[in-house]
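# Residue-level structure breakdown
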Amino acid sequence: MAEALRVGIAGLGTVGASVARVLRDKAAELTRQCGRDVIVTTVSARDPKRDRGVDLSAAKWFDDPIKMAQAADIDVFVELIGGDEGAARASVKAALEAGRHVVTANKALLAKHGVALAEIAEKRGVLLNYEAAVAGGIPVIKTMREAMAGNSVTRVFGILNGTCNYILTRMEAEGISFDECLKDAQRLGYAEADPTFDIEGHDTAHKLSILTSLAFGTRIAANDIYMEGISNISQADIRAAGDLGYRIKLLGVAQRTDSGIEQRVHPTMVPTASVIAQVHGVTNAVAIDTDILGELLLSGPGAGGNATASAVVGDIADIAKSRPGFQHGPVFGLPAKELRPYKKAQMRSHAGGYFIRLTVHDRIGVFAAIAKRMADNDISLESIVQHAVSGETDAQKTVILVTHETTEAAVRKAVDGITKDGHLTDKPQVIRIERAG
Ligand SMILES: NC(=O)c1ccc[n+]([C@@H]2O[C@H](COP(=O)([O-])OP(=O)(O)OC[C@H]3O[C@@H](n4cnc5c(N)ncnc54)[C@H](OP(=O)(O)O)[C@@H]3O)[C@@H](O)[C@H]2O)c1
């Protein structure tokens with residue numbers, strides 16, 4: 001049998017401790033599958049005394065993950081510290097430079113430094129595997145990088161943040177407010193004490209930036225993503241969406257258009273009958289549209305110790321199965337130097353249907369004025385209805401518009417015009433509608 005694969009794990013929190021546990025519990029299975037033993041030889045975290053729920057006494061302890069990354073007695077450095085700078089970045093870089101394979105679950109690091117790290121990995125002829133960084137346990141990276149060769153991707157989109165999907169699912173099922181749902185999610189451990197990163201779309205954006213690179217062969221451009229979170233989604237939106245045959249999801253969408261690539265994260269209406277609309281709670285999903293395959297949807301657990309460990313262990317096993325001299329596929333599907341510069345499509349040119357909810361003064365002529373602003377901007381309406389919303393007074397009414405395909409620029413101009421006309425009693429709500437099968 002080949003020599004054992006020696007694994008060093010840096011970070012022994014939710015994911016790191018689960019990875020150590022799975023490697024111990026499934027040791028015999030992994031040996032059979034990989035043709036060699038997979039052994040945790042070294043570990044690193046901040047607190048050497050903390051009980052990790054798994055016996056790590058046989059592994060050598062390092063206070064400094066960078067020193068561990070450079071140590072001669074590991075073949076694979078598994079980074080599960082987190083963060084886009086500091087110990088995570090420095091140790092991954094050190095490991096790659098020292099010629100160690102790296103496995104990471106760190107989307108923030110890859111979104112910011114992924115291409116530079118891929119260049120080092122390619123130069124050193126080692127693997128940089130990151131299946132767990134996008135959608136946790138769902139094997140989307142492997143699917144896109146390996147199983148879809150020859151396909152041209154036209155769009156990739158998904159529910160990439162379990163916290164947001166949990167909140168939106170409960171708001172719809174129980175009719176409770178965003179704030180109430182968020183508090184509950186925090187109590188149950190589904191949301192962080194500071195939830196901004198999740199609910200304002202940053203986490204989704206990091207994951208989307210990686211998918212965009214894989215889908216379109218472009219350099220990662222995480223700072224060029226249009227982003228709106230879910231904190232302003234109200235019961236009025238959710239109920240109106242339901243009445244119109246839609247469900248609201250926070251989607252990350254990357255799409256090839258004539259003017260470049262759109263990358264956007266925002267609350268989105270998807271048809272209630274679509275497959276992605278059936279993805280509830282903390283579950284994640286990724287849909288990929290391609291010319292050969294059509295639309296593929298992968299869904300499953302997007303976070304949590306075990307699900308994430310499953311993806312990390314899969315990446316480690318791939319390294320265990322690889323043989324010296326075997327030419328590995330490039331990190332982002334193409335050699336890093338061949339990744340094209342990302343050409344951003346302006347959000348103003350985004351084309352699609354729109355849901356617009358307006359709270360207006362209840363007076364004659366308002367409907368006609370709204371319809372005129374739409375017509376002036378060449379927006380064709382699928383429907384315009386007065387919609388009863390609880391909490392409305394006699395003096396105000398809710399008007400819901402659904403447009404046929406139009407542009408973001410036209411919608412913004414029309415809504416600005418309606419606002420200037422002085423008919424609104426509240427901020428207008430605009431939610432994009434996404435085509436989904
Ligand atoms: N949790 C999930 O469901 C999930 C899902 C997908 C991806 N991920 C990603 O996986 C990574 C880890 O997440 P997590 O939830 O497991 O985080 P976590 O529970 O906060 O664990 C972080 C670990 O890193 C250690 N650490 C922090 N700074 C360190 C340093 N300077 N040197 C050495 N060790 C250090 C901590 O040590 P101490 O324990 O001693 O404090 C802790 O063990 C992140 O990149 C995250 O984005 C997580």
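The following refers to the structure shown. (Residues numbered from 1 in each chain as written. Predicted model: local features only at pLDDT ≥ 70, side-chain atom pairs only at ≥ 80, totals over all residues. Heavy atoms only, no water.)

Glancing now at the pairing of strand β15 (residues 396–403). Most of β15 is tucked away: seven of the eight residues are buried. Where strand β14 (residues 381–387) and β15 come together, six bridges link them in antiparallel fashion. The residue of β15 that forms the bridge with I384 is L401. (Buried < 20%, exposed > 50% of the residue type's maximum accessible area, 1.4 Å probe, protein only. Helix = DSSP H or I, 4+ residues; strand = E, 2+ residues; numbered from the N terminus. Pairing = 2+ DSSP bridges.)

Before going further, it helps to spend a moment on the pairing of strand β7 (residues 153–159). The element β7 is largely enclosed, with a buried count of six among its seven residues. Across six bridges, β7 lies against strand β11 (residues 283–290) in antiparallel orientation. Bridge pairing links G158 to V286 in β11. In the sheet, β7 pairs with strand β9 (residues 246–257) via four bridges, with the strands oriented antiparallel. Following the sheet pairing, G158 is matched in β9 by G252.

What surrounds the ligand is a group of 23 residues, the closest being L12, V15, D47, R52 and G304. In this structure, an oxygen atom belonging to the ligand sits 2.8 Å away from a main-chain N or O atom of V15. Note that an oxygen atom of the ligand is positioned 2.7 Å from one of the backbone N or O atoms of G304. Contact with the protein chains covers 78% of the free accessible surface of the ligand, which is 910 Å². Considering only residue class, the shell around the ligand consists of 10 nonpolar, eight polar and five charged. (Near = heavy atom within 4 Å. Polar contact = N/O pair within 3.5 Å; in protein donor to acceptor, adjacent residues only side chain to side chain. Areas by Shrake-Rupley, 256 points an atom, 1.4 Å probe, with all protein chains shown as cover. Nonpolar A, V, L, I, M, F, W, Y, C, P; charged D, E, K, R; others polar.)

Attention now moves to the sheet that holds strand β4 (residues 76–79). In space, the six strands of this open sheet follow the order β3-β2-β1-β4-β5-β6, with parallel pairing throughout. In this open sheet, the two strands that pair with only one neighbour each are β3 (60–62) and β6 (128–129). As paired elements, strand β5 (residues 101–104) and β6 share two bridges and run parallel to each other. When the sheet's bridge partners are listed, V102 is paired in β6 with L128. Each of β4 and β5 touches helix α4 (residues 86–97); the most contacted strand, β4, lies at about 165° to it. (Contact = heavy atoms within 4.5 Å. Axes fitted to C-alpha atoms, helices over the stretch in contact; angles between N-to-C directions.)

A few words now on the pattern of salt bridges. Summed over the entire model, instances satisfying the criterion amount to 30 salt bridges. Residues R373 and D421 are paired through a salt bridge, measuring 2.8 Å at the closest nitrogen-oxygen approach. Here R373, found in helix α13 (residues 366–376), pairs with D421, found in the loop between α14 (408–420) and β17 (429–433); they are 48 residues apart in sequence, far enough to count as distant. For R373, a relative accessible area of 28% translates into the label partly exposed. Each member of the salt-bridge network shares a partner with another, and the members are R155, E262, R264, D289 and E434. (Salt bridge = Lys/Arg side-chain N within 4 Å of Asp/Glu carboxyl O.)

The next subject is the packing of α4 against helix α5 (residues 107–124). A pair of packed helices is captured by two measures, namely the crossing angle of their axes and the spacing between those axes. The N-to-C vectors of α4 and α5 enclose an angle of 15°; their axes lie 9 Å apart at closest approach. Relative to α5, α4 is oriented roughly parallel. At the point where α4 passes α5, the crossing takes the right-handed sense. Here α4 contributes A88, R89, V92, K93, L96 and E97 to the contact with α5, which in turn contributes L109, H113, L117, I120, A121 and R124. (Parallel < 35°, antiparallel > 145°, perpendicular 65-115°, else oblique. Left-handed = near helix turned anticlockwise from the far one by under 90°.)

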